[in-house]
Amino acid sequence: MARIVLGVGGGIAAYKVCSLLRLFTEAGHDVTVVPTESALRFVGAPTWEALSGRPVHTDVWSDVPDVPHVRLGQEAELVVVAPATADLLAKAAHGLAGDLLTNVLLTARCPVVMAPAMHTEMWDHAATQANVSTLTERGVHVIPPASGRLTGVDTGPGRLPEAAELYAVCQRILAHATHDHAQGRAPLPLRGRHVVVSAGGTREPLDPVRFLGNRSSGKQGYALAAVAARRGATVTLVSANSSLPAPAGVAVLPVETAVELQEAVEKAALDADVVVMAAAVADFRPARYADAKIKKSHDPDDPERAPSIELVRNPDILAGLVQARAEATSPVIVGFAAETGDADGTVLDHGRAKLRRKGCDLLVVNEVGVDTTFGQDDNTVHILRQGSSHVVDAGPASKYDIAAAVWDAVQEIL
Ligand code: C5P
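Note on numbering: residues in each chain are counted from 1, in written sequence order. It should be noted that, the model being predicted, local features are given only for residues of pLDDT at least 70 and side-chain atom pairs only at 80 or more, the latter also being counted only at that level, while totals for whole chains, interfaces and linings use all residues. As a rule here, side-chain values cover all heavy atoms of the structure and leave hydrogens and water aside.

Visitor: An account of the packing of aromatic side chains is needed here, citing residue identities and associated values.
Guide: For Phe, Tyr and Trp, where Trp contributes only its six-membered ring, two rings pair if their centres lie within 6.5 Å, and the inter-plane angle classes them as stacked under 30 degrees, edge-to-face over 60, or tilted in between. Applying the stated criterion to the full structure yields 1 aromatic pair. Between the aromatic rings of Phe24 and Tyr167, the centroid separation amounts to 5.7 Å while the plane-to-plane angle is 55°, which identifies the pairing as tilted. One end of the pair, Phe24, is in helix H1 (residues 14-26); the other, Tyr167, is in helix H9 (residues 163-176), and 143 residues separate them in sequence. Tyr167 carries the same exposure label as Phe24, and that label is buried. Think of it this way: any DSSP run of H or I at least four residues long counts as a helix, any run of E at least two long counts as a strand, and we number them from the N terminus. Exposure classes here rest on a 1.4 Å probe applied to the protein chains alone. A residue is buried below 20% of its type maximum, exposed above 50%, and partly exposed in between.

Below is the structure:
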């Protein structure tokens, strides 16, 4: 049974969190409730104390010799914040520490779940969305609000999901949690490993102002790098044209073209335990690079004629890594495959064929459409393992949760 800190924000949905607390305690978890001052305007301290069987404080000035603002976070195996108000999300994103709950959020090293609930306008506001992105990028599990009737007469996204739903998500996260209570820190399953992750999409220049590119944002690759670093790995992130900030503790090698990416990945792979090719590598590049900008009327004999671009094949970097490894077991090589189903087979059929063809150890297959996967925060994948018919389905979930599932599969091989 786990030690849980249940943070309660100052929103009307605080009343639903009483049921969540009940579910936790009935399952035998040891729950300390840490409300904000404003949360107590909605549900009073006696309710939380009676339901949790523990004293309730909102500030850092009670039981001072016990240093609760540090101890609570350090000892927690799960921190759940519900409802996470716009104010709490902003404070957490910016690392403010004005009360007990925000202190706990800074000292906790266990999984953190936040369930935002607020009016639709507040949820949709760019400030709130930016804070949610910051928190998600740091590995916080943000459960999106449900849509429906809000406090007043209006409806829209902003409702706190029902207690049973929140409880199910928390139980799943607890089951996957790799927190080591005995040592008071995560066991770091990738400690001592060097992992190389490629991310983003290559650009193949045509002239000084034009290139052939693709729609990859780099989000999935960056999430893979961030999760590996949190699990203790030394991470080299070979990043092709992504505008995302470097994840904490990750060395980023920026590249532009497929050939540059190949050079960087192959060099970093020499002492790597794992290589994950999440980058979208262009299969072709222009055969010739024009030193000067190609003019609209490039043909003096026929000013209206558009130029033809001759393409040549780029190296298949993943296949090259597999070939270079030959019979050795290291590094573990992971490929990605963006697939669509068609008349010849389902997404999984194509994935299995590609895994055999490429010869890598794991293939992470995602189904793509114009509005899915590229640039989105969520993803749905199937993880296929060479020589096994077993498929791990992950998602729809944040790209961080998908990254965690990929590293779980890699760790099994390691
Ligand atoms: O064959 P396909 O492009 O679908 O394979 C995708 C996988 O192969 C990804 O892991 C991608 O990073 C890698 N790839 C590569 N070199 C290429 C094209 C794709 O390493 N030229």
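Moving on, there is more to tell.
Visitor: Mind laying out the site of the ligand, listing which residues take part and the relevant values?
Guide: The rule for a residue being near a molecule or strand is that one of its heavy atoms must lie within 4 Å of it. Taken together, 13 residues lie near the ligand, and Met277, Ala279, Pro315, Leu318 and Lys354 sit nearest. In the model, an oxygen atom of the ligand is placed 2.7 Å from a nitrogen or oxygen of the Met277 main chain. With respect to the ligand, the side chain of Lys354 contributes an N or O atom lying 2.2 Å from an oxygen atom. Contact with the protein chains hides 87% of the accessible area of the ligand, taken as 450 Å² for the molecule alone. Elements with a minimum of two residues in the shell around the ligand: helix H12 (317-325), strand E16 (332-339) and helix H13 (347-358). Class assignment for the residues of the shell around the ligand results in 8 nonpolar, 1 polar and 4 charged. N or O atoms within 3.5 Å of each other form a polar contact, as long as, within protein, one can give a hydrogen and the other can take it, and as long as residues adjacent in sequence are counted only when both atoms are side-chain atoms. Method for areas: the Shrake-Rupley scheme with a 1.4 Å probe, in which residue coverage is limited to the protein chains shown. Amino acid classes used here: Ala, Val, Leu, Ile, Met, Phe, Trp, Tyr, Cys and Pro are nonpolar; Asp, Glu, Lys and Arg are charged; the rest, including Gly, are polar.

Visitor: Tell me about the sheet that holds strand E1 (residues 3-8), and please be specific about residues and values.
Guide: Across the sheet, 5 strands lie side by side as E2-E1-E3-E4-E5; this open sheet has parallel pairing. Because the sheet does not close on itself, it has two edges, and the strands there are strand E2 (30-35) and strand E5 (141-142). Only when DSSP finds a minimum of two bridges between them are two strands counted as paired. Taken together, the 4 bridges between E1 and strand E3 (residues 78-84) define a ladder with parallel strand orientation. Across the sheet, residue Gly7 finds its bridge partner in E3, namely Val81. Contacts were defined at the residue level, with two residues in contact if any of their heavy atoms lie within 4.5 Å. Lines are fitted to the C-alpha atoms to define the axes, a helix being fitted only along its stretch in contact, and any angle between axes, read from their N-to-C directions, falls within 0 to 180 degrees. Here H9 sits on the sheet and contacts E1, E3, strand E4 (112-116) and E5; the angle it forms with E3, its principal contact strand, is near 155°.

Visitor: Describe the nonpolar core, and please don't skip the residues or the numbers.
Guide: Among buried residues, the Ala, Val, Leu, Ile, Met, Phe, Trp, Tyr and Cys ones that are joined through side-chain atoms within 4.5 Å form a nonpolar core. By size, the foremost hydrophobic cluster in this structure holds 36 residues, and its most contacted members are Leu224, Val334 and Trp407. If you look at the next biggest cluster of nonpolar residues, it comprises 31 residues, including Ala82, Ile143, Tyr167 and Cys170.

Visitor: Describe the domain arrangement of the chain, naming the residues involved and giving the relevant values.
Guide: An automatic or database domain assignment provides the domain bounds reported here. Here the chain is described as being made up of domain 1 (3-182) and domain 2 (194-413). Facing 6 residues of domain 1, the contacting portion of domain 2 comprises 6 residues. In short, buried area is how much 1.4 Å probe accessible area vanishes from two parts on joining, totalled over both. The junction of domain 1 with domain 2 conceals about 540 Å² of combined surface from both sides, 46% of it contributed by carbon and sulfur atoms. Considering only the surface of domain 1 that becomes buried against domain 2, Thr136, Glu137 and His141 emerge as the three largest contributors, covering 59% of it. Here, a salt bridge means any side-chain nitrogen of Lys or Arg that lies within 4 Å of a carboxyl oxygen of Asp or Glu. At the boundary of domain 1 and domain 2, one finds 0 salt bridges. Across the domain 1-domain 2 interface, the total number found is 3 residue pairs in polar contact (both at pLDDT 80 or more). Here the side of domain 1 that touches domain 2 is built from residues that sort into no nonpolar, 4 polar and 2 charged.

Visitor: Describe a nonpolar patch on the surface, naming the residues involved and giving the relevant values.
Guide: Judged by side-chain polarity, Leu212, Phe284, Ile309 and Leu311 come together as a nonpolar surface patch covering roughly 330 Å² of accessible area. In this fold, Phe284 is placed in strand E14 (residues 284-286). According to the relative accessible area criterion, Phe284 is partly exposed, its value standing at 41%. Residues enter a patch when their relative accessible area is above 30% and they make no salt bridge; the linking distance is 9 Å between like charges and 5 Å between nonpolar side chains (Val, Leu, Ile, Met, Phe, Trp, Tyr).

Visitor: Can you tell me about the pairing of strand E11 (residues 234-240), naming the residues and giving the values?
Guide: Most of E11 sits out of view: 6 of its 7 residues are buried. The pairing of strand E8 (residues 194-200) with E11 spans 7 bridges and is classified as parallel. Its bridge partner lying in E11, His194 is registered against Thr234. Examined bridge by bridge, E11 and strand E12 (residues 250-255) share 6 bridges and lie parallel to one another. By the bridge assignment for E12, Thr236 is matched with Ala251.

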